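Structural overview for review
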Amino acid sequence: MSNNLITDKSVISLNELCQSCGLGTKTIISYVEEGLVDVGGDDTSRWQFTQTHIVTIQKAHRLERDLRLNPAGSVLVLELMAQIDELKNQLRRYQQSGEE
Amino acid sequence: MEYKDYYAILGVEKTASEDEIKRAYRKLARKYHPDLNKEAGSETKFKEIGEANDVLSDPEKRAAYDQLGQGYRPGEDFNPPPGWDQGFEFTGRPGNGGAGAEDFSDFFKDLFGQARQQRQSSWQQADFNSRGQDHHARIIIDLEDSFKGAKRQITLKVPELSPDGHLVLKHRTLDVSIPKGVREGQHIRLKKQGNPGHGNGEAGDLYLEISFKPHKFYHPEGSDLYLDLPVTPWEAALGGKVKVPTPGGMVDLNIPANSRQGRKMRLKGRGIPSKPPGDLYVVLQIALPPANSDKARQIYQNMAKELDFNPRSHLATGS
């Protein structure tokens, strides 16, 4: 089975992204405009999406749809979640050091 | 078919008003949304809540459900297998309360088959010869698999609609080679293992997002690794050479004299062997020998006598 690691170097265009995840261009543009992902410049035809971008966009879209948010709201939620994850990781490390 | 108590799932009374149901659903949806709640089982719970809301928020469906439920004992709890949301493949959550063109005879199909229905309708909107959608799933592997690369068999759970309209979980087993140096959050693509294409379009791809099981002593961060290394007070104070585990094997580490608790030392390129390789950060943890013998107590007493050391000198003024 062909199977390959997706690095941040393999990128896809806006059109390919719409195909891949079934979202409309408008939806995706709204997330880029909110600054959820940095895909390079103002020219939509030159945007490049990495796999990490794609997953982030899909998360934002699920949150928006499932919790009746707007793009700004779902982007805010994701940013706060990322902060919480980072803090939890730090906390875990401190707690583990403390147990020694 | 298993009877589900949708009222219990939402935690409302059978007499709950529409608004009460809406509030209960919204609160639970925020709590269990799988993108927000990473605990095992949140995805199952979220789907259940969505399903319960879908029925109870629609007056016609609710009436039908109430009638159907007569004589049934409020639910044996549905017991999903542990860790079900790991390796769960999905393209999206069932739509919430989609407009009611469904006729009543398809009631259960509608209840339990929405994921598929939605998928089908999104195919219908697609161009005739279009490529299938890509699928995403998360897999959890051992950190060691990334050190050397590995071949692993993984099983994904895929919800499918059986001919009689029930949602069943199909297991799908795939052989995956884990590339050496893979980091948490990276993706492995399995070509053409996603949704079938439409018309002559080719199938979509399946993307597996990598996460690691917690490791005994390494904590990965990107391609870097952190390791807490216990050292004795004399190793920290006088310096010395100690053995440290790294993904590539044991190495000697020189501890500089007068190292403090928590000192962080970087072993360049000794982290996850990505391209470029990550670093290994060794964090010194000074372990105190217990004063559990006369000899040990004697040594501590000598230190107290001989060393002019007050770690609290900065607290001395009391203001």
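Just so it is clear, the structure is predicted and the values come from calculations on it, not from any experiment.

Structural notes on the overall build of chain B
Looking only at helices and strands, one finds nine helices and 11 strands in chain B. Counting across all 319 residues of chain B, residues that qualify as buried make up 40%. Taking contacts inside chain B between residues at least 6 apart in sequence as the whole, the part at least 24 apart equals 61%. Element-wise, carbon and sulfur atoms account for 50% of the exposed surface of chain B, whose accessible area totals about 18500 Å².

What to know about the packing of aromatic side chains
All names here are of chain B. With the rule as written, the count across this model stands at four aromatic pairs over all chains. Seen from their ring centres, F217 and Y218 are 4.8 Å apart, and the 65° between their planes marks the pair as edge-to-face. Judged by centre distance (5.1 Å) and plane angle (20°), the rings of Y226 and Y281 are stacked. Remark: Y281 occurs in strand β11 (residues 280–286) and Y226 occurs in strand β7 (residues 224–231); sequence separation between them is 55 residues. Each member of the pair, Y226 as well as Y281, carries the same accessibility label: buried. Aromatic ring contacts, followed pair by pair, group F147, F217 and Y218 into a single cluster. For K45, the ring lying beneath its charged end belongs to Y32, and the centroid distance is 5.4 Å. One cation-aromatic arrangement involves K264 over Y281; the distance from NZ or CZ to the ring centre is 5.3 Å.

A few points about a positive patch on the surface
On the surface, a cluster of positive charge is made up of R68 of chain A together with K22, R26, K27, R30 and K31 of chain B. Within the fold, R30 of chain B resides in helix α2 (residues 18–32).

Describing the environment of L14 of chain A
Residues and elements named next belong to chain A. Mapped onto the secondary structure, L14 falls in helix α1 (residues 14–21). Classification of L14 by relative accessible area gives buried; the value is 8%. In the structure, L14 is positioned 10 residues away from G24 in sequence and 9.6 Å away in space, judged by C-alpha atoms. If sequence neighbours within four positions are ignored, L14 has contacts with T25, I28, I29, T44, W47 and F49.

Some remarks on helix α3 (residues 51–66) of chain A
Since the α-helix packs 3.6 residues into each turn, any two residues three or four apart lie on the same face. Residue and element names in this part refer to chain A. Between its first and last C-alpha atoms α3 spans 22 Å; for 16 residues at 1.5 Å apiece the expected length is 22 Å, and the two agree. Three or more residues of α3 are buried, namely Q51, H53, I54, V55, I57, Q58, A60, R62, L63, E64 and D66. After α3 finishes, the residue R68 shows a positive phi value of roughly 55°.

Some thoughts on the side chain of D228 of chain B
Among the structural elements, D228 of chain B can be located in strand β7. We classify D228 of chain B as buried; its relative accessible area is 17%.

Some points on the side chain of D145 of chain B
All names here are of chain B. Counting through the fold element by element, D145 comes out in helix α7 (residues 143–148). A distance of 2.8 Å separates a polar atom in the side chain of D145 from a polar atom in the side chain of R152. If we skip the residues at most four places from it in the chain, D145 touches A150, R152 and I178.

Details of helix α2 (residues 25–33) of chain A
Listed as buried for α2 of chain A are I28, S30, Y31 and V32 of chain A. In the stretch just after α2 of chain A, G35 of chain A is the one whose phi turns positive, near 80°.

Here's the deal with the confidence of the model for chain B
Residues and elements named next belong to chain B. Residue-level pLDDT values for chain B average 78, and 76% of them are 70 or greater. Note that pLDDT drops below 50 for residues 74–86; the model gives that stretch 26 contacts with residues more than four away or on any other chain. For the stretch residues 90–127, pLDDT sits under 50, and the model shows 63 contacts to residues farther than four places along the chain or on other chains.

So, the pairing of strand β6 (residues 218–221) of chain B
Residues and elements named next belong to chain B. Pairing of β6 with β7, which is carried by four bridges, proceeds in the antiparallel orientation. Note on β7: the bridge partner recorded for H219 is Y226. The antiparallel hairpin formed by β6 and β7 contains two residues in its connecting segment, where G222 sits at a positive phi of about 60°.

Quick word on the sheet that holds β6 of chain B
Residue and element names in this part refer to chain B. Taken in spatial order, the four strands make up an open sheet running β6-β7-β11-β10, and their pairing is mixed. Of all the strands in the sheet, the pair left with one neighbour each is β6 and β10 (264–267). With strand direction ignored, the average angle separating the axes of adjacent strands in the sheet is 30°. Note: β7 against β11, seven bridges, orientation parallel. Each bridged residue has a counterpart across the sheet, and for L225 the counterpart in β11 is L280.

Describing a negative patch on the surface
All names here are of chain B. On the surface, E13, E18, D19 and E20 cluster together to form a negatively charged patch. Structurally, the position occupied by E20 is in helix α2. Overall, E20 belongs to the partly exposed group, its relative accessible area being 38%.

Cut-offs and rules
- Residues numbered from 1 in each chain as written.
- Chains lettered and ligands numbered in written order.
- Predicted model: local features only at pLDDT ≥ 70, side-chain atom pairs only at ≥ 80, totals over all residues.
- Heavy atoms only, no water.
- Helix = DSSP H or I, 4+ residues; strand = E, 2+ residues; numbered from the N terminus.
- Buried < 20%, exposed > 50% of the residue type's maximum accessible area, 1.4 Å probe, protein only.
- Contact = heavy atoms within 4.5 Å.
- Areas by Shrake-Rupley, 256 points an atom, 1.4 Å probe, with all protein chains shown as cover.
- Phe/Tyr/Trp six-rings, centres within 6.5 Å; stacked < 30°, edge-to-face > 60°.
- Lys NZ or Arg CZ within 6 Å of the ring centre and 35° of its normal.
- Patch = residues over 30% accessible without salt bridge, like charges linked within 9 Å, V, L, I, M, F, W, Y side chains within 5 Å.
- Salt bridge = Lys/Arg side-chain N within 4 Å of Asp/Glu carboxyl O.
- Lys, Arg positive; Asp, Glu negative; His and termini not counted.
- Charge placed at Lys NZ, Arg CZ, Asp CG, Glu CD.
- Expected span 1.5 Å × (residues − 1).
- Polar contact = N/O pair within 3.5 Å; in protein donor to acceptor, adjacent residues only side chain to side chain.
- pLDDT = per-residue confidence, 0-100.
- Pairing = 2+ DSSP bridges.
- Axes fitted to C-alpha atoms, helices over the stretch in contact; angles between N-to-C directions.

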